[in-house]
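Structural characterization, general
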Amino acid sequence: MTYRRRIRLETAVTAEDPHVPSSTRVYPTADWHEREVWDMFGVVFDGHPALTRILMPDDWDGHPQRKDYPLGGVPVEYHDATIPPPDERRSYR
């Protein structure tokens, strides 16, 4: 940060094989960022010292930001009215 320079590293992965080399050996602070990406999106960082969940419970199946869960919801009551899950609501076209 002496010279106020920044670097942005971008890469692409496929849903079938989401593997990327880890950058923690070069940038140690990438440890937590890579853990968050793995936890939320399921991208596996090869060579990472310890990919563990940091935001979701340990027994959570899947990765919530991959959008591969069926639409659904928790039944909610609001002033004696119920709100149906998203997949049962009206669709606007």
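Residues numbered from 1 in each chain as written. Predicted model: local features only at pLDDT ≥ 70, side-chain atom pairs only at ≥ 80, totals over all residues. Heavy atoms only, no water.

Take helix H1 (residues 30-41) next. The terminal C-alpha atoms of H1 lie 16 Å apart, and with twelve residues this matches the ideal 16 Å at 1.5 Å per residue to within 8%. Taken residue by residue, H1 has Ala30, Asp31, Glu34, Arg35, Trp38, Asp39 and Met40 as its buried positions. Elements that come into contact with the buried residues of H1 comprise strand E2 (44-46). Taken from the residues just after H1, Gly42 is the one with a positive phi, measuring 85°. (Helix = DSSP H or I, 4+ residues; strand = E, 2+ residues; numbered from the N terminus. Expected span 1.5 Å × (residues − 1). Buried < 20%, exposed > 50% of the residue type's maximum accessible area, 1.4 Å probe, protein only. Contact = heavy atoms within 4.5 Å.)

Attention shifts here to the side chain of Asp39. Among the structural elements, Asp39 can be located in helix H1. Among the residues examined, Asp39 registers a relative accessible area of 0% and is labelled buried. A polar atom in the side chain of Asp39 sits 2.4 Å from the side chain of Arg53. If we ignore the near neighbours within four places in the chain, the residues touching Asp39 are Arg53, Ile54, Leu55, Met56, His63 and Pro64. (Polar contact = N/O pair within 3.5 Å; in protein donor to acceptor, adjacent residues only side chain to side chain.)

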